[in-house]
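The lines below spell out each chain.
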Amino acid sequence: MLPLEDGFSRRFHYLRLSVTDVCNFRCAYCLPDGYRPDGRKSFLSLDEIRRVVAGFAAMGTRKVRLTGGEPSLRRDLSAIIKAVANTPGIEKVAMTTNGYRLKEQAREWFDAGLTALNVSVDSLDPRQFHQITGENKLAEVMEGIEAALAAGFKSVKINAVLLKGLNDHQLDAFLVWIKHKPIELRFIELMQTGEMDSLFRDRHASGDFIKQQLLGNGWVQQLRGLDDGPAQVLMHPESQGRVGLIMPYSKDFCASCNRLRVSSVGKLHLCLFGDNGVDLREQLQADAQQVELQQQIQQALSTKVARHWLHEGNTGMTPHLASIGG
Ligand code: SAM
Ligand code: SF4
């Protein structure tokens, strides 16, 4: 077995690294009551981040996504981006953000070595954006996206969580917005997590509904490469922007899994909906521990199971995605 391959021949060149659990938004599907501090937690330091990324890179990781919570709330974020980008073997450094600090920071992050950006925009209607995220900040986020394109990012991906009765009928408005922009709009099906009660029952909508509308209007689904992640991507000859669909409840979603996750406290999670995670932190205290770190990662990966159990209503130990880095 190759260093970052599991028992089902899936390869994991992609690491999602959470740098904080803290968030300043209150998205209805994630932290509806806002972030509640847990006094015992200390997030990975810059040195620990450097070491964990070096360990994964030595085993074949080529892409790292920084996420959270809200990664831009870390004061040392630019230093983190620089450290990850300068790790031998790492070719791509991406980040997922709510866009809150994008307008002021886009250029600094780009200059630090960030190569790709996902910004969450669940609605283009300011009032609905406020309703979903708890923050009246759509205008600032949209300015941030323009600032990112101006700063040098060749394209930006937009994450929109599909919510029945809220944004599931806004496809046309989104398509008009991306028509002349280098944007990939990604609709993500709402995923059930441990702390979610009635929201999933009331708001979950299948991405298939969007896919059928697109296919009926001249959009064409792109073939997926072996190493591509689980997104289904569609293009249209008259649109510069593309649309991606992430449908975790669709058949064979897990077969294309290509990512591992490390939480903000240094736990390796083999699946978003898995168990408590494998604690790597003891192995992140000195540069000399790289061999033990890599052995621990390899050992954990050999236990990765074939698929999640969401269909059976089993959401694993994840209370919400802010706790593990969605
Ligand atoms: N705070 C940043 C943001 O919102 O972009 C990064 C962290 S957030 C957990 C990462 C992504 O997960 C966001 O695009 C968010 O919309 C998505 N997300 C959070 N909870 C989700 C859920 N229950 N189902 C589907 N997507 C979810
Ligand atoms: Fe914060 Fe992102 Fe969760 Fe929204 S989805 S509450 S912005 S971590």
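See the structure printed just above.
Keep in mind that this is a model prediction, so the values were computed, not measured.

How each quantity is defined
- Numbering of residues starts from 1 in each chain and follows the order in which that chain's sequence is written.
- For naming, the first written chain is A and the first written ligand is 1, with later ones following in the order written.
- Local features are withheld for residues below a pLDDT of 70 in this predicted model, meaning they are given only at 70 or higher, and side-chain atom pairs are given and counted only at 80 or more; totals for whole chains, interfaces and linings count all residues.
- Computation of side-chain values covers all heavy atoms of the structure but excludes hydrogens and water.
- Counting from the N terminus, the helices are the DSSP runs of H or I reaching at least four residues and the strands are the DSSP runs of E reaching at least two.
- Contacts are assigned to residue pairs that have any heavy atoms within 4.5 Å of one another.
- Any two of the Phe, Tyr and Trp rings considered here, Trp counted by its six-membered ring, make a pair once their centres fall within 6.5 Å; the pair's planes then place it as stacked at under 30 degrees, edge-to-face at over 60, or tilted in between.
- Per-residue accessibility, obtained with a 1.4 Å probe over protein chains only, is compared with the maximum for each type, and a residue is labelled buried under 20%, exposed over 50%, and partly exposed between these values.
- We count a charge as sitting over a ring when the NZ of a lysine or the CZ of an arginine lies within 6 Å of the ring centre and within 35 degrees of the ring normal.
- One heavy atom within 4 Å of a molecule or strand is enough for the residue carrying it to be called near that molecule or strand.
- Each residue gets one label: Ala, Val, Leu, Ile, Met, Phe, Trp, Tyr, Cys and Pro are nonpolar, Asp, Glu, Lys and Arg are charged, and the others, such as Gly, are polar.
- Geometry is summarised by axes, namely lines fitted to C-alpha atoms with helices restricted to the contacting stretch, and by angles between N-to-C directions that run from 0 to 180 degrees.
- Roughly parallel covers angles under 35 degrees, roughly antiparallel covers those over 145, roughly perpendicular covers 65 to 115, and oblique covers all other angles.
- Crossing handedness is read from the near helix: turned anticlockwise from the far helix by less than a right angle, it gives a left-handed crossing, and turned clockwise, a right-handed one.
- What we call a nonpolar core is a set of buried Ala, Val, Leu, Ile, Met, Phe, Trp, Tyr and Cys residues that are connected through their side-chain atoms within 4.5 Å.
- Residues adjacent in sequence count toward polar contacts only when both atoms are side-chain atoms; beyond that, a polar contact is any pair of N or O atoms within 3.5 Å, and within protein one must be able to donate a hydrogen and the other to accept it.
- Strand pairing is defined by DSSP finding a minimum of two bridges between the two strands.
- Salt bridges are defined as contacts in which a side-chain nitrogen from Lys or Arg sits within 4 Å of a carboxyl oxygen from Asp or Glu.

Engineer: Explanation requested: the environment of Phe 43 in the structure shown.
Structural biologist: With respect to the element layout, Phe 43 can be found in the loop between strand E1 (14–18) and helix H1 (46–58). Sequence separation between Phe 43 and Ser 18 is 25 residues, and the spatial gap between their C-alpha atoms is 9.1 Å. Sequence-distant contacts of Phe 43, defined by excluding residues within four places in its chain, comprise Val 19, Thr 20, Asp 21, Val 22, Tyr 35, Glu 48, Arg 74, Ser 264, Val 265 and Arg 281.

Engineer: Explanation requested: the packing of aromatic side chains in the structure shown.
Structural biologist: Both the distance between ring centres and the angle between the ring planes are used here to describe each pair of aromatic rings. Applying the stated criterion across every chain, the model contains two aromatic pairs. Between Phe 110 and Phe 153, the aromatic rings sit 5.0 Å apart at their centres with planes inclined by 70°, giving edge-to-face as the arrangement. Of this pair, Phe 110 sits in helix H3 (residues 102–112) while Phe 153 is found in the loop between helix H5 (138–151) and strand E5 (156–162), placing the two residues 43 residues apart along the sequence. Given the relative accessible area of 30%, Phe 110 is considered partly exposed. Between Phe 174 and Phe 187 the ring centres are 5.7 Å apart and the planes differ by 90°, which places this aromatic pair in the edge-to-face class. With a gap of 13 residues between them, Phe 174 in helix H6 (residues 171–178) and Phe 187 in strand E6 (residues 183–189) connect regions that are remote in the sequence. Across this residue pair, the class does not change: Phe 174 and Phe 187 are buried. The ring of Tyr 14 has Lys 63 sitting right over it, with the charged end atom 4.4 Å from the ring centre.

Engineer: For this particular structure, what's the right way to read the site of ligand 2?
Structural biologist: Taken together, Cys 23, Phe 25, Cys 27, Tyr 29, Cys 30, Leu 31, Gly 69, Asn 98 and Ala 322 form the complete shell of residues around ligand 2. Looking at the shell around ligand 2, its residues break down into seven nonpolar, two polar and no charged.

Engineer: Sorry, what's going on with the packing of H1 against helix H2 (residues 77–85) here?
Structural biologist: For any two helices packed against each other, one specifies the crossing angle of their axes together with the interaxial distance. Where H1 meets H2, the axes come as close as 9 Å, and the angle between the chain directions of the two elements is 25°. Viewed along their axes, H1 and H2 adopt a mutual orientation that is roughly parallel. In this structure, H1 crosses over H2, and the sense of that crossing is right-handed. Between H1 and H2, the contacting residues are Leu 46, Ile 49, Arg 50 and Val 53 on the first element and Ala 79, Ile 80, Ala 83 and Val 84 on the second. When the residues that make up the contact of H1 with H2 are grouped by side-chain class, the tally is seven nonpolar, no polar and one charged.

Engineer: Looking at this model, I keep getting lost on the nonpolar core. Mind explaining?
Structural biologist: Tyr 29, Leu 66, Ile 145 and Phe 187 are the most contacted members of the largest nonpolar core, which has 84 residues in total. The contact partners of Tyr 29, leaving out residues within four places of it in the chain, are Asp 122, Ile 132, Val 161, Leu 163, Leu 190, Met 196 and Leu 199.

Engineer: Could you clarify how one ought to interpret the site of ligand 1 in this entry?
Structural biologist: Around ligand 1 there are 19 residues in total, and Gly 69, Glu 70, Ser 120, Asn 159 and Met 191 lie nearest to it. Take Thr 97: an N or O atom from its main chain is 3.2 Å from an oxygen atom of ligand 1. Residue assignment for the shell around ligand 1 shows that the elements contributing at least two residues are strand E3 (92–97), E5 and E6.

Engineer: So what exactly am I meant to see when it comes to the sheet that holds strand E12 (residues 278–279) here?
Structural biologist: Whether parallel or antiparallel, the strands of a sheet pair through hydrogen bonds between backbone atoms. Read across the open sheet, the twelve strands follow the order E7-E8-E9-E6-E5-E4-E3-E2-E1-E10-E11-E12; overall the sheet is mixed. A single partner strand is all that each edge strand has here, and the edge strands are strand E7 (220–221) and E12. Across three bridges, strand E8 (residues 232–235) lies against strand E9 (residues 242–246) in antiparallel orientation. Residue pairing in the sheet places Leu 234 in a bridge with Val 243 of E9. Across the face of the sheet, H1 comes into contact with E1, strand E2 (63–67), strand E10 (259–262) and strand E11 (267–269) while running at roughly 165° to E1.

Engineer: What should I look at first to understand the environment of Leu 245 in this one?
Structural biologist: Note that Leu 245 resides in strand E9. On the basis of relative accessibility, which here comes to 0%, the residue Leu 245 falls in the buried class. Residues in contact with Leu 245, not counting those within four places in the same chain, are Phe 187, Gly 207, Ile 210, Lys 211, Pro 230, Ala 231, Gln 232 and Leu 234.

Engineer: Would you mind going over the pattern of salt bridges with me for this structure?
Structural biologist: Opposite charge on two side chains lets them pair, provided their charged atoms get close. This model, assessed by the stated rule, comprises twelve salt bridges. Across the pair Lys 103 and Glu 143 runs a salt bridge whose closest N-O atoms are separated by 2.8 Å. With Lys 103 in helix H3 and Glu 143 in helix H5, this residue pair connects regions lying 40 residues apart in the sequence. On the accessibility criterion, Lys 103 (45% relative accessible area) is partly exposed. Classification of Glu 143 as partly exposed rests on a relative accessible area of 37%. With its nearest N and O atoms 2.9 Å apart, the salt bridge here joins Glu 184 to Arg 186. Looking at Glu 184, the relative accessible area reads 6%, which means it is buried. Judged by relative accessible area, Arg 186 falls into the buried class, the value being 15%. Linked through salt bridges whose partners overlap, the residues forming this network are Asp 47, Arg 50, Arg 51 and Asp 287.

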